[in-house]
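One-letter residues, chain by chain:
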Amino acid sequence: MSKLSEQDIEKKLLRLPDWEYFDNAIHSEFEFENFKDCFSAMSRIAFECEALDHHPNWTNVYNVLTISLSTHSANGVTKKDFELARAIEQIVEPEED
Ligand SMILES: C[C@H](O)[C@H](O)[C@H]1CNC2=NC(N)=NC(=O)C2=N1
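Definitions and cut-offs
Residues numbered from 1 in each chain as written. Predicted model: local features only at pLDDT ≥ 70, side-chain atom pairs only at ≥ 80, totals over all residues. Helix = DSSP H or I, 4+ residues; strand = E, 2+ residues; numbered from the N terminus. Pairing = 2+ DSSP bridges. Axes fitted to C-alpha atoms, helices over the stretch in contact; angles between N-to-C directions. Parallel < 35°, antiparallel > 145°, perpendicular 65-115°, else oblique. Left-handed = near helix turned anticlockwise from the far one by under 90°. Contact = placed C-beta atoms within 7 Å. Nonpolar A, V, L, I, M, F, W, Y, C, P; charged D, E, K, R; others polar.

What about unusual backbone geometry?
Then comes step 1: Even without glycine at this site, Asp 53 takes up a positive phi of about 50°.
Then comes step 2: By the element assignment, Asp 53 lies in the loop between helix H2 (35-52) and strand S3 (57-61).
Then comes step 3: Phi angles above zero are rare outside glycine, and Tyr 62 is one such case at about 50°.
Then comes step 4: Checked against the element boundaries, Tyr 62 lands in the loop between S3 and strand S4 (64-69).

In structure tokens, the structure reads:
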């Protein structure tokens with residue numbers, strides 16, 4: 001999986017307004033009602049990570065989930081990070097029909 005250029009990353013981020021690029025990774029932070037809702041979302045995200053075989057760097061403090069995505073083997077951001085970011089968006093903030 002090849003590392004995307006900064007220009008490609010910024011272009012792809014236009015469709016992911018909750019995410020930003022810095023330090024060789026894309027980052028977002030989500031706030032929930034409480035710890036239970038936050039951890040429930042983390043569990044659902046974890047299954048998606050296993051399905052994609054791609055894993056986040058993340059931290060949780062009570063109701064806040066902070067996520068950083070990069071591809072370790074490429075030492076940067078790849079298509080796989082965007083695939084996972086879109087899956088996370090669907091779990092955390094599903095689109096209305
Ligand atoms: C063996 C396994 O496929 C690899 O270690 C995968 C697992 N999850 C991964 N996750 C992330 N974020 N980057 C990787 O390079 C990566 N590699």
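A word on the sheet that holds strand S1 (residues 20-22)
Then comes step 1: Taken in spatial order, the four strands line up as S1-S2-S4-S3 in an open sheet, and their pairing is antiparallel. Two strands bound the open sheet, and with one partner strand each, they are S1 and S3. Here the strands of the sheet are splayed against their neighbours by 25° on average, with no regard to which way each runs.
Then comes step 2: Examined bridge by bridge, S1 and strand S2 (residues 25-31) share three bridges and lie antiparallel to one another. Note that in S2 the partner of Glu 20 across the bridge is His 27.

Some words on the packing of H2 against helix H3 (residues 79-92)
Then comes step 1: Here H2 crosses H3 at 150°, and the two axes come no closer than 10 Å. Comparing their axes, H3 and H2 come out roughly antiparallel. Crossing hand, H2 versus H3: right-handed. Along the contact surface, H2 presents Ala 41, Arg 44, Ile 45, Glu 48, Cys 49 and Leu 52, while H3 presents Glu 83, Leu 84, Ala 87, Ile 88, Ile 91 and Val 92.
Then comes step 2: Its residues placed into classes, the contact of H2 with H3 shows nine nonpolar, no polar and three charged.

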